[in-house]
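# Structure assessment
Given next are the chains, with one letter for each unit.
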Amino acid sequence: MRRLGGLAAVLVVVLAAGIGGLYVYLQAQFRAPGPLTEETGFLVPRGAGLDAIAADLAAQGIVADADVFALAVRLFGEARSLQAGEFAVPPAASMEEVAALIASGRTVVHRVTVPEGLTSVEIVTLLNDAKVLEGSLADTPPEGSLLPETYHFTRGDSREALLQRMQDSMQSAIDDVWSRRVDGLPIKTPEEAVILASIVERETGVDAERPLVAGVFINRLRKGMPLQSDPTVIYGITLGKAPFGRSLTRKDLATPTPYNTYQIPGLPPAPIANPGRASLEAVVNPATTDYIYFVADGTGGHAFAKTLAEHNRNVAKWRKHLRSLKKQSN
């Protein structure tokens, strides 16, 4: 009996030493630098368990041993805290750091920039091309209802949810801008402000010119003059569904559509694009001038005029510039 008792004691000591050694080994492996030599993206699918995550990490060379990772996380980490998502794993990250990253929920942030002046069809196409988004867009939202800016999102977010954020942002911008409008404007509703802002947006991409262009259109509305905006004519032909692909003709300008501001009085019935905040600001606080004409000046901006005679001289300069470009291209 004494021999059996002594043997049992020896076995306990050996077993304890083995367990202790395994514990020390796992702890060392868990904290040792990992094999990655550069930052690597790693995707944890929804519903993935620890063993599946460990196997994927090893398959991508992020950790050296899947079994060691899984066992060490159960012993030293928070196995139940691992979250789904896309993560950017830094080079040489230890198993401990990888587990902490996945448990933190610090997923990769993507972004999409919506330029000012895109149509709603173009914005929907932009979202459909963002492969990390999910879901389909059933309908194209109304023109002028989406705010152009940069939006951040994570892999797996829905296109519908991002589109709703754009609509919410536009409504918030309109409410803010309209509340700060100057008195005496010939535009009477926020909807009319968006329509005019969309025209300004399509007329100029020069920030400093937006209040001037808005001022021209405001002056024309006050005088009862047609807006005579080429982008509205183009929208009346394409309805924002496709690029125009050619120059406007005299026939285009003479062909009535609900959007042809050479043929209709006042504003068109709806926006022709999605204007940015700067254009919205411009139409509710336009530059105070006597300008009622403008034409491209060959530098990317426009020449403004108070009289038709002055405007005609500016047009002649613009046409001369076009002829010079044509000769250079030949």
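Right above here is the structure, for reference.
One structure accompanies this document, and this report is about it. (Residues numbered from 1 in each chain as written. Predicted model: local features only at pLDDT ≥ 70, side-chain atom pairs only at ≥ 80, totals over all residues. Heavy atoms only, no water.)

## Describing the overall build of the protein
Counting its regular elements, the protein contains 12 helices and six strands. Taken over the C-alpha trace, the protein has a radius of gyration of 32 Å; the compact-globule value for 330 residues is 20 Å, which it surpasses by more than 25%. On the principal axes, the C-alpha backbone points of the protein span a range of 120 × 50 × 35 Å. Per-residue burial over the protein gives 39% buried out of 330 residues. As presented, the protein carries roughly 18200 Å² of accessible surface, and 54% of it is formed by carbon and sulfur atoms. Where the 33 positive side-chain charges of the protein centre and where its 35 negative ones centre are 7 Å apart. (Helix = DSSP H or I, 4+ residues; strand = E, 2+ residues; numbered from the N terminus. Rg over C-alpha atoms; globule rule 2.2 N^0.38 Å. Buried < 20%, exposed > 50% of the residue type's maximum accessible area, 1.4 Å probe, protein only. Areas by Shrake-Rupley, 256 points an atom, 1.4 Å probe, with all protein chains shown as cover. Lys, Arg positive; Asp, Glu negative; His and termini not counted. Charge placed at Lys NZ, Arg CZ, Asp CG, Glu CD.)

## Some thoughts on helix α4 (residues 95-104)
Those residues of α4 that sit buried are Met95, Val98, Ala99, Leu101 and Ile102. Along the long axis of α4, the arc covered by the buried residues comes to 160°, so they all point the same way. Once α4 ends, the next one or two residues include Gly105, with phi positive near 80°. (Arc of directions from axis to C-beta.)

## Some thoughts on the packing of aromatic side chains
A full pass over the atoms with the stated rule returns six aromatic pairs. Where Phe217 meets Phe294, the ring centres are 5.7 Å apart and the plane angle is 80°; that geometry is what we call edge-to-face. With Phe217 in helix α8 (residues 210-223) and Phe294 in strand β5 (residues 293-296), this residue pair connects regions lying 77 residues apart in the sequence. Across the pair, Phe294 and Phe217 agree in class, each one buried. Chaining the aromatic ring pairs together yields one cluster made of Phe217, Tyr291, Phe294 and Phe304. (Phe/Tyr/Trp six-rings, centres within 6.5 Å; stacked < 30°, edge-to-face > 60°.)

## Observations regarding a nonpolar patch on the surface
A surface patch of nonpolar side chains, amounting to about 370 Å² of accessible area, comprises Tyr23, Val24, Leu71 and Leu75. Every element with two or more residues in the nonpolar patch is listed here: α1 (2-31) and α3 (66-76). Looking at where Tyr23 falls in the secondary structure, it is placed in helix α1. (Patch = residues over 30% accessible without salt bridge, like charges linked within 9 Å, V, L, I, M, F, W, Y side chains within 5 Å. Salt bridge = Lys/Arg side-chain N within 4 Å of Asp/Glu carboxyl O.)

## Topic: the pairing of strand β3 (residues 109-113)
The alternating pattern of β3 places His110 and Val112 on a buried face and Val109, Arg111 and Thr113 on a face that is not buried. Note that β3 and strand β4 (residues 150-154) share five bridges and pair antiparallel. Note on β4: the bridge partner recorded for His110 is Phe153. (Pairing = 2+ DSSP bridges.)

## As for the pattern of salt bridges
Throughout the structure, instances matching the rule amount to 10 salt bridges. For the salt bridge of Arg277 with Asp176, the shortest nitrogen-to-oxygen distance reads 3.0 Å. With a gap of 101 residues between them, Arg277 in helix α11 (residues 277-284) and Asp176 in helix α6 (residues 159-178) connect regions that are remote in the sequence. We classify Asp176 as partly exposed; its relative accessible area is 31%.

## Notes on the packing of helix α5 (residues 120-128) against α6
Relative orientation of the contacting elements α5 and α6 amounts to 140°, with a least axis distance of 10 Å. It follows that α5 is oblique to α6 by the angle criterion. Remark: the crossing between α5 and α6 carries right-handed chirality. On α6, the residues that touch Ile123, Leu127 and Asn128 of α5 are Arg159, Leu162, Leu163 and Met166. Residue classes in the contact of α5 with α6 are distributed as five nonpolar, one polar and one charged. (Axes fitted to C-alpha atoms, helices over the stretch in contact; angles between N-to-C directions. Parallel < 35°, antiparallel > 145°, perpendicular 65-115°, else oblique. Left-handed = near helix turned anticlockwise from the far one by under 90°. Contact = heavy atoms within 4.5 Å. Nonpolar A, V, L, I, M, F, W, Y, C, P; charged D, E, K, R; others polar.)

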